[in-house]
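Per-entry structural report
One-letter residues, chain by chain:
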Amino acid sequence: MVASRHSRTPPLTLVIAPTAQDARRADGGCDWSKLMARAQDGDRDAYRMLLEDLVPYIRSIAGRCFKRPSDVEDAVQDVLMTVHMVRHAYDPNRPFGPWLLAIANRRIIDRLRRETRQRAREMALSTEHETFSDVPANLDQANFDEAALGEALERLPPEQRQAIEMLKLNEMSLREAAAASGRSIAALKVATHRAIKGLRKMLQNRSDRS
Amino acid sequence: MTKTPDLIDALVEGTTPVRRLRPPLVRAALWLLLTAVVLVLIVTGHGLRPDIAERLRQPVFVLSMIAAITTGILAAVASFQISLPDRSRWWILLPAPALAVWLSTIGYGCLSDWVSVAPNENRIGETVRCFATLLLTSVPLSIAMLVMLRYAALLRPTESSAMSGLAIAAITAFSLSLVHDLDASLTILVWNLGVAILIAGLACLFGRRMFAWTASRLTSTPAKSSNRP
C-alpha cells in the first residue's frame, strides 16, 4: 500500500521563477504582454515596470489632444487607472498595444467630451467681479503698509535705522551686528528698542491722519 | 493633484492577483445557458401556447422564431466581444442578418394575413400574463448581463448596452411567442417589435448609467483606496 503510494509520487522538477527583468525584448524594450500577464498574477515589480514604461507612450498620445501639461497628466493618470481597473480583461495571448491604445483613446475622447460640455455651460469669472465699489477696498493693503513702513524707516535717526536694518531686516544676530557696526550689544539693544517705539508712533500718527 | 509616480506607487501597492476573464465566446455561452434555464422555467410554469403544434407547421412562424432566437444569440456574442477594448467595432453587425430576417417575417405575417381581433382573445387577462412573462424573462437576463459586463462601463458602454438590449429583447419576444397565443397581428407587433424597441431603447438610454452604477457597486476603484484628491 505504502509502496504503491510512493510509486505515484511525481519526479521533482527544478522550476526557475521568471522575474520582471526577463520580460525584455531583444531590442531592450519591455514586453508589455508578459509584464501584464505577471501583473495579473500579482507580481508587483512587473506591474511597476509596466506602468512606468507605459507613461511616456500614453503621454505622447495625450499630448496630441491636450495643450496644457496638467491636462495631459490628468489624461495619463485616467488611462493608468482604467488599465488598473480592467487589467483582468486583458488576454495575454493577444497583443497588448491595441488593447492599451483602445483604452487610451476611449479615456481621451471621454475627457474631451467632458471639457466641451463644461465649456458650453460654464463661464470663468474675472477678478473685477469680486471687488467692491468702495475705493480703499480695492487697494493692495500689503503694498500700502510696506510703503508706509519704508517711509517711517527713512525718518528714523541713522543709528536706530542701522540697528533695525541689521537685526530685523537682515536677521543678523546681536553678536554679528555688534561686530559689523563696532557698537556694543547693549547699545544695539537700546537703539532697536527706541527705533521700534519711534516706528510705532509714526505709523500710529499716519493711520490717525488717514 | 496627485503626481503620476505617486499614482503608480498607489496602484502597485494596491495590486492583487486577478482572475482573468474567460474568452468572450465562453462567457456568452454561460449567459445563454442561463437564458435556456429561464426559458425552461417559464415554459414549465406557464406551459406552451395551446396551438403550438399547428403553428410549428407554418413556415413563417418557424422562421420568425428561429430568427428571433438567432438574433438573441448573435447579439449576446456581439455584446461580449464588443465589451473588450481590443475587439473590432464591426462585431455590432453580427446580429444584423438575423434581425433583418426576424423583422421581415413579422412584417410579412402582418401584411399577408392581417387579423385585427382574434376570436378567442381575452385581451386584459392575456395582456397581464404577457407582461408577467416579459418581466420574468427580461429582468433576470438584464441583471446577469449587467453583472457580467460591468467592466464595459469604462470601455464601450453604449455599444455594449445596445447589443445587450437587443439580445434580451429578441429572447423576450421569443419567449412571449412560445408561451402566449398571440393571434391578432397588432398584438404580435406590440409584443414583438414593441418589446424589442422598448428594451433596446431603455438599454441605449440607461445602459451606460446602469453599467457605471453596477461597476461602482461591484468593483473597488483605486480612486477610493488611494489618497487621490
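From a predicted model like this one, the values you see are computed outputs, not experimental measurements. (Residues numbered from 1 in each chain as written. Chains lettered and ligands numbered in written order. Predicted model: local features only at pLDDT ≥ 70, side-chain atom pairs only at ≥ 80, totals over all residues. Heavy atoms only, no water.)

Re the confidence of the model for chain B
Residue and element names in this part refer to chain B. Predicted confidence across chain B gives a mean pLDDT of 79, with 78% of residues reaching 70 or more. Element-level pLDDT for chain B is lowest in helix α9 (residues 222-225), with a mean of 41, against a maximum mean of 92 in helix α2 (residues 24-46). With pLDDT under 50 throughout, residues 220-229 is counted as low confidence; its partners more than four residues away or in other chains account for 14 contacts. Across the interfaces of the predicted complex, the ipTM metric reaches 0.72, alongside a pTM of 0.65. (pLDDT = per-residue confidence, 0-100. Helix = DSSP H or I, 4+ residues; strand = E, 2+ residues; numbered from the N terminus. Contact = heavy atoms within 4.5 Å.)

Comments concerning the packing of helix α4 (residues 69-85) of chain A against helix α5 (residues 96-121) of chain A
All names here are of chain A. The N-to-C vectors of α4 and α5 enclose an angle of 130°; their axes lie 9 Å apart at closest approach. When the axis of α4 is compared with that of α5, the two are oblique. Between α4 and α5 lies a crossing of right-handed hand. Where α4 abuts α5, its residues Asp71, Asp74, Ala75, Asp78, Val79, Thr82 and Val83 lie against Trp99, Leu100, Ile103, Ala104, Arg107, Ile108, Arg111, Arg114 and Glu115. Along the lines of polarity and charge, the residues of the contact of α4 with α5 split into 8 nonpolar, 1 polar and 7 charged. (Axes fitted to C-alpha atoms, helices over the stretch in contact; angles between N-to-C directions. Parallel < 35°, antiparallel > 145°, perpendicular 65-115°, else oblique. Left-handed = near helix turned anticlockwise from the far one by under 90°. Nonpolar A, V, L, I, M, F, W, Y, C, P; charged D, E, K, R; others polar.)

A few points about the pattern of salt bridges
Residues and elements named next belong to chain A. Per the counting criterion, the structure on display carries 14 salt bridges over all chains. Taking the shortest distance from any N to any O, the salt bridge between Glu52 and Arg48 comes out at 3.9 Å. Note that Glu52 and Arg48 are positioned in helix α3 (residues 44-63) at a spacing of 4 residues, about one turn of the helix. Taking relative accessible area as the criterion, Glu52 reaches 45% and is therefore assigned partly exposed. Under the relative-accessibility criterion, Arg48 is labelled partly exposed at 28%. Between Asp110 and Arg106 there is a salt bridge whose closest N-O contact spans 3.6 Å. (Salt bridge = Lys/Arg side-chain N within 4 Å of Asp/Glu carboxyl O. Buried < 20%, exposed > 50% of the residue type's maximum accessible area, 1.4 Å probe, protein only.)

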